[in-house]
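# Examination of the molecular architecture
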Amino acid sequence: MELGRLDEARQVLEECLRVFREVDDLTMQSNTLSALSNIWKERGDIEQAISLQRQALNVCNRLPDPGDRGISHLNLCNYLDKSGKIEEGAANHLAAGIYYLISGRHAHNWMGNLKIRIRRAAKSNQTYELPRIADLLSRPEFQALDQFLTQYGVDRDQLQGEIDRLVGQARGG
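Values in this document were obtained by computation on a predicted structure and should not be read as measured data.

Thresholds applied
- Sequence order as written defines the numbering, with residues in each chain counted from 1.
- Local features are withheld for residues below a pLDDT of 70 in this predicted model, meaning they are given only at 70 or higher, and side-chain atom pairs are given and counted only at 80 or more; totals for whole chains, interfaces and linings count all residues.
- As a rule here, side-chain values cover all heavy atoms of the structure and leave hydrogens and water aside.
- Starting at the N terminus, helices and strands are each numbered in turn, a helix being any DSSP run of H or I of at least four residues and a strand any DSSP run of E of at least two.
- Within these notes, the globule rule equals 2.2 Å times the number of residues to the 0.38 power, and the radius of gyration is based on C-alpha atoms.
- Burial classes follow relative accessibility: with a 1.4 Å probe on protein chains only, a residue under 20% of its type's maximum area counts as buried, one over 50% as exposed, and anything between as partly exposed.
- For Phe, Tyr and Trp, where Trp contributes only its six-membered ring, two rings pair if their centres lie within 6.5 Å, and the inter-plane angle classes them as stacked under 30 degrees, edge-to-face over 60, or tilted in between.
- Ring-over charges, as used throughout, are those where CZ of Arg or NZ of Lys falls within 6 Å of the ring centre and within 35 degrees of the ring normal.
- Helices are assigned an expected span. That span is 1.5 Å times one less than the residue count.
- It is the directions from the helix axis to the C-beta atoms that the arc portrays.
- Contacts were defined at the residue level, with two residues in contact if any of their heavy atoms lie within 4.5 Å.
- We define a polar contact as two N or O atoms separated by no more than 3.5 Å, with the added condition that, inside protein, one atom must be a possible hydrogen donor and the other a possible acceptor, whereas residues neighbouring each other in sequence contribute only through side-chain atom pairs.
- We define the nonpolar core as a collection of buried residues of types Ala, Val, Leu, Ile, Met, Phe, Trp, Tyr and Cys that are connected through side-chain atoms lying within 4.5 Å of one another.

## A few points about the overall build of the protein chain
Along the protein chain, the regular secondary structure elements total nine helices and zero strands. Ordered by position from the N terminus, the helices and strands of the protein chain form the series α-α-α-α-α-α-α-α-α. Relative to its length of 173 residues, the protein chain is compact, with a C-alpha radius of gyration of 17 Å against a globular reference of 16 Å. A principal-axis box enclosing the C-alpha atoms of the protein chain has dimensions of 50 × 40 × 25 Å. The buried share among the 173 residues of the protein chain stands at 42%.

If you want it as C-alpha cells, here you go:
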C-alpha cells in the first residue's frame, strides 16, 4: 500500500482475510478489515471504507480489549466525517473516547482529535457536539459498548461528567 500498489495490497489482504476467517483469528480479521478499509479510503471510495470499518468493528466487539474497540470506533468516525456524516461520526468519536478512558489507553489521541473537530467546526461557524452517553447507548449499534459498561460496573453519570469536563477542556474552557 505504501508503494501505491493498492490493487495488489487489496488482493493480498483479501487472501489474508480468507485465511484468518478459516482459522477464526478475530484479532487478525479485525486488523485486516481495517487495513482494507484504509485501502478503499485511499482509492476514494469512502462508502466502501465505511462498510469495511463497520465489519472490523463488529469483529472487534467480540474481542476483550477495549482499546482496540476504541481504535476501530475512531477510524469509523474519521471515515464518517469525511463522508459528511458528522453526527454519526460524533457518536463513534464518543464511543472511542469511552473505551479509551476506561482502558487508560490512547486518551491523548482522542483528545487531540476532539480539539481538531471542535476547531474545524468553529471555523465554519458551527459547533461540534458529542451525543449524551444515554442517547448513544440507546442505539442498537452501540449495544456492545452498553454491555461493556454494564460488565465493568461503570457509573454512567460519573462517566458523562468526565466526558463533559474533557469536552470543556478541549473547547478551552
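Here the narrative resumes, following the displayed structure.
## Some remarks on the packing of aromatic side chains
Taken as a whole, this structure holds two aromatic pairs when the rule is applied. Arranged with centres 5.2 Å apart and planes meeting at 55°, the rings of Tyr99 and Phe148 form a pair that is tilted. Of this pair, Tyr99 sits in helix α5 (residues 86–103) while Phe148 sits in helix α8 (residues 143–151), and the two are 49 residues apart along the sequence. Considered together, Tyr99 and Phe148 belong to a single accessibility category, that of buried residues. Centre to centre, the rings of Phe148 and Tyr152 are 4.7 Å apart; their planes meet at 45°, and the pair counts as tilted. Overall, Tyr152 belongs to the partly exposed group, its relative accessible area being 49%. Through a chain of ring-to-ring contacts, three or more aromatic side chains come together here, namely Tyr99, Phe148 and Tyr152. The ring of Trp40 carries Arg43 above its face, with NZ or CZ at 4.7 Å from the centroid.

## Points about helix α9 (residues 156–170)
For α9, with 15 residues, the first-to-last C-alpha span of 21 Å sits near the 21 Å given by 1.5 Å per residue. Those residues of α9 that fall on the buried side of the exposure criterion are Leu159, Gln160, Ile163, Leu166, Val167 and Ala170. One side of α9 holds all its buried residues, which, seen down the axis, span an arc of 125°. For α9, exposure combined with an orientation more than 90 degrees from the buried face picks out Asp157 and Gln158. Its buried side turned inward, α9 meets α5, α6 (107–123), α7 (133–137) and α8. The N-capping residue of α9, defined by a side-chain oxygen 3.0 Å from the backbone nitrogen of Asp157, is Asp155.

## Side note on the nonpolar core
Core analysis: the largest hydrophobic core is formed by 30 residues, its most contacted members being Ile98, Trp110, Leu114, Leu130 and Leu145. Residue assignment for this core shows that the elements contributing at least two residues are α4 (66–82), α5, α6, α7, α8 and α9. The biggest single contributor to this core is α5, with eight residues. With residues near it in sequence (within four places) discarded, Leu130 still touches Ala90, His93, Leu94, Trp110, Leu114, Ile163 and Val167. Of all hydrophobic cores here, the second largest spans 21 residues; its members include Leu36, Ala49, Val59 and Cys60.

## Brief notes about the environment of Tyr99
In this structure Tyr99 comes out as buried when scored by relative accessible area, which is 0%. For the pair formed by Tyr99 and Phe148, sequence separation is 49 residues and the distance between their alpha carbons is 9.0 Å. In contact with Tyr99, not counting residues within four places along its chain, are Asn61, Pro66, Arg69, Gly70, His73, Ala144, Leu145 and Phe148.

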